[in-house]
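# A look at the structure
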Amino acid sequence: MTDVGQTGTEWVPPIGLLQLPGAHVAVIRGLFELAAFVADHPELPAPMVRATFRTPPEFDRELSAAEQYIAARAFVDQLAAVLGVTPVTGAGGSHYTAERAMGSVSATACAITPAHLAGWQALMSYGDSVQPEAAPADHAGGA
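What this report covers is the structure whose coordinates are included nearby. (Residues numbered from 1 in each chain as written. Predicted model: local features only at pLDDT ≥ 70, side-chain atom pairs only at ≥ 80, totals over all residues. Heavy atoms only, no water.)

## Examining the overall build of the protein
Check the secondary structure of the protein and you find three helices and six strands. When its helices and strands are written in sequence order, the protein yields β-β-α-β-α-β-β-β-α. Burial statistics for the protein: of 143 residues in total, 18% are counted as buried. Of the contacts made within the protein by residues no fewer than 6 positions apart, 29% connect residues no fewer than 24 positions apart. Summed over all atoms, the accessible surface of the protein reaches about 10500 Å², with 62% contributed by carbon and sulfur. (Helix = DSSP H or I, 4+ residues; strand = E, 2+ residues; numbered from the N terminus. Buried < 20%, exposed > 50% of the residue type's maximum accessible area, 1.4 Å probe, protein only. Contact = heavy atoms within 4.5 Å. Areas by Shrake-Rupley, 256 points an atom, 1.4 Å probe, with all protein chains shown as cover.)

If you want it as structure tokens, here you go:
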């Protein structure tokens, strides 16, 4: 691989010349770097790898939450067709997901209902408000 950033074309061994968008090349490069790292460190446990396909950013522009959800579901359907899987609606109907395992690597995309997402965002808005009490000195991992 070359360390010089190029637009549109990049050599990636052993694949060869890639004529893909830069973001795609960056993912492929990262996967090769991860593979090399795993090969170089057999003393470590093998990692779990999950590739999450996010809906394209243009889905977020000037669309209502309901329209974004409809577009995200269509994206999940599109990915499911390419992966050869059937999308699954999660418990309570809040998540619509396509996922396929490729060995120990999984590829996934998920659409979340606006109501569920709003509830999660409300819950997380309190995230910094609750702090655990300090551990007693004899449990602090030190003296």
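Picking up where we left off.
## Section: the sheet that holds strand β5 (residues 95–102)
The pairing of strands in a sheet comes from backbone hydrogen bonds and takes either a parallel or an antiparallel form. Strands sit in the order β3-β6-β5-β4 across an open sheet of four strands; the sheet is mixed. On the outer flanks of this sheet lie β3 (49–52) and β4 (88–89), each paired with one strand and no other. As defined by bridge partners, β4 adjoins β5 across two bridges and the pair is classed as antiparallel. The partner of Thr-89 across the bridge, within β5, is Tyr-96. (Pairing = 2+ DSSP bridges.)

## Re a nonpolar patch on the surface
Together, Ile-112, Leu-117, Trp-120, Leu-123 and Met-124 make up an exposed nonpolar region whose accessible area comes to about 470 Å². Among the elements that take part in the nonpolar patch, helix α3 (residues 114–124) stands out by supplying four residues, more than any other. Structurally, Ile-112 can be placed in strand β6 (residues 105–112). On the accessibility criterion, Ile-112 (31% relative accessible area) is partly exposed. (Patch = residues over 30% accessible without salt bridge, like charges linked within 9 Å, V, L, I, M, F, W, Y side chains within 5 Å. Salt bridge = Lys/Arg side-chain N within 4 Å of Asp/Glu carboxyl O.)

## A look at the layout of surface pockets
Considering only enclosed or pocket space, the largest pocket measures out at about 720 Å³ in volume. What lines the largest pocket is a set of 25 residues, and nearest its centre among them are Val-27, Leu-31, Ala-51, Phe-53 and Ala-107. Elements represented by at least two residues in the lining of the largest pocket include exactly α1 (22–40), β3, α2 (65–83) and β6. (1 Å grid on protein atoms, 1.4 Å probe; cavity = no way out; pocket = protein on both sides within 12 Å on 5 of 7 lines; lining within 4 Å. Points joined across faces, edges and corners; volume = space filled by probe spheres on them.)

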